[in-house]
Amino acid sequence: MPRLDLALEAEAHRIELADTPPLTRAERALVESTWRGRMANEHASARVFAGLVPQLMRAEIRPAKQAELATFIADELRHAEQCAGVLVSIGARASAELPDLGDIPAHAECEPLEAALRNVLSICCLSETVAVSLINAERIEQSATPIGGVLQAILADEVKHARFGWKLLEDTPLEDAMRARLSDYLRVALAHLELHELAHLSPVPAPNAAMAYGACDGALARDIFYSTVEEVIVPRLEQHGFDAARAWAERSTPSARGAAPSATAADRGSASAP
C-alpha cells in the first residue's frame, strides 16, 4: 500500500500539550491510532474532491461552483498536516499507510448531471454532514484546549464542504424523474454511509485520558451518527423533494458498482446542521 509521510509538514502544526494527562501505553497507542487514521483519511479525501471537479465540469455546473469545489482539495491536504502536527506533538511518527485510492464512482449509466449529483449527495450532503456533527461533539469536549483548536480549524472547513452540497441542491432545478432516481440511489448511499461509519466507530468508549487527546467515545459517536441522519440529513433531503425517509428505511447493501464514495475521515466525534 502507498505510504504517507508528513514529518516535515507536521512541524508547522505542532501544538503544546503540557496540561494534558499522562497516558498508559494502551492509551497512547489508541491516541496515535486515532490521529494517524485521521491523517491518512483526510489526505485521501483530497482525491475525492479532485475526482468530483471534472464531474461538475461535464455536468456544466457553474464555473464558480467548480472553483469553490477545487479549494476543498487543499482543505483536506491541510487537515492531514494538522493531524500530523498532533502526532509529532505526542512524540509519534507522522506517517501512515494510505487507504484505498480508487477513483470515485463514474456512474456512467447516468447523464452527467445525475452522475455528479449522486456523488455530491454522497460526499457533501451525507458524509460531510456527518463529519460536522462528529467533529463538533469532540470540539465541544475539547473546548479551550490545543486539541480543540485543531478540531475547530478542521470543523470550519467541513461545514463549508457540507454546505456546498446542500446549496447545490437548492440551486439546481431537477425534473421529477431524476429526483425519483436519485431517491432510489439514496438507499445505496445511506447504506454505504452506515457501513462506513460503524466500521470506524468502536462501540467501546475510549478511556478519559485518551479522550483528552482527541480519541472519540465510539458509543456516543454512533448515537450521534444516527441522530444526524434521522434528525438532520433525512429531513433536509425531504425538504429538497427526495423520498429520503423511505430510502433510509429501505437502505440496501451497496454493490461494488453502486457504492458511494466517502470523503471523510472516521473516528470523529453531535448533530448540528451546517
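Look up a bit, the structure's there.
Residues numbered from 1 in each chain as written. Predicted model: local features only at pLDDT ≥ 70, side-chain atom pairs only at ≥ 80, totals over all residues. Heavy atoms only, no water.

We now examine the nonpolar core. By size, the foremost hydrophobic cluster in this structure holds 47 residues, and its most contacted members are Leu56, Leu69, Leu117, Leu169, Val229 and Leu237. Ranked by residues supplied to this core, first place goes to helix H4 (residues 112–141) with 12 residues. Listed in part, the 36 residues of the second largest apolar core include Leu23, Val31, Ala84 and Ala131. (Core = buried A, V, L, I, M, F, W, Y, C linked by side-chain atoms within 4.5 Å. Buried < 20%, exposed > 50% of the residue type's maximum accessible area, 1.4 Å probe, protein only. Helix = DSSP H or I, 4+ residues; strand = E, 2+ residues; numbered from the N terminus.)

Okay, the pattern of salt bridges next. Evaluation of the coordinates by the stated rule reveals 16 salt bridges. Among the salt bridges present, the one from Glu109 reaches Arg118, with a minimum N-O distance of 3.1 Å. A relative accessible area of 45% means that Glu109 is categorised as partly exposed. Overall, Arg118 belongs to the buried group, its relative accessible area being 12%. Here Arg187 ties to Glu250 by a salt bridge, and the two come within 3.9 Å at their closest N and O atoms. (Salt bridge = Lys/Arg side-chain N within 4 Å of Asp/Glu carboxyl O.)

To continue, consider the side chain of Arg179. Among the structural elements, Arg179 can be located in helix H6 (residues 176–200). Although Arg179 is buried, it makes no salt bridge; Asp176 carries the closest opposite charge, 4.6 Å away. From its side chain, Arg179 meets the backbone oxygen of Leu174 in a polar contact 3.3 Å long. If we ignore the near neighbours within four places in the chain, the residues touching Arg179 are Leu174, His240, Gly241 and Phe242. (Lys, Arg positive; Asp, Glu negative; His and termini not counted. Polar contact = N/O pair within 3.5 Å; in protein donor to acceptor, adjacent residues only side chain to side chain. Contact = heavy atoms within 4.5 Å.)

On to the environment of Tyr226. Among the structural elements, Tyr226 can be located in helix H8 (residues 218–239). A residue is classified by how much of its surface remains accessible, and Tyr226, at 24% relative accessible area, is partly exposed. A sequence separation of 96 residues divides Tyr226 from Val130, and the C-alpha atoms of the two residues are 9.2 Å apart. With near-sequence residues (within four places) excluded, Tyr226 lies in contact with Glu194, Leu198 and Trp248.

Of note, His161 is situated in helix H5 (residues 146–171). The exposure class assigned to His161 is buried, which follows from its relative accessible area of 0%. Separated by 54 residues in sequence, His161 and Ala215 place their C-alpha atoms 23 Å apart. If near-sequence neighbours (up to four positions away) are discounted, His161 is found in contact with Phe49, Phe72, Asp75, Glu76, His79, Cys124 and Glu128. Side-chain polar atoms of His161 contact the side chain of Asp75, separated by 2.9 Å.

This part is about the packing of aromatic side chains. The final tally for this structure, using the stated rule, is 4 aromatic pairs. Seen from their ring centres, Phe225 and Tyr226 are 4.9 Å apart, and the 65 degrees between their planes marks the pair as edge-to-face. Taken together, the ring pairs in this structure connect Phe49, Phe72 and Phe164 into an aromatic cluster. Of note, Arg236 hangs over the ring of Trp166, and the distance from its end group to the ring centre comes to 4.6 Å. Sitting above the plane of the Trp248 ring, Arg251 keeps its charged end 3.7 Å from the centroid. (Phe/Tyr/Trp six-rings, centres within 6.5 Å; stacked < 30°, edge-to-face > 60°. Lys NZ or Arg CZ within 6 Å of the ring centre and 35° of its normal.)

As for its placement among the helices and strands, Arg38 is situated in helix H2 (residues 25–58). In this structure Arg38 comes out as buried when scored by relative accessible area, which is 4%. Within the structure, Arg38 has its side chain in polar contact with the side chain of Glu138 (distance 2.6 Å).

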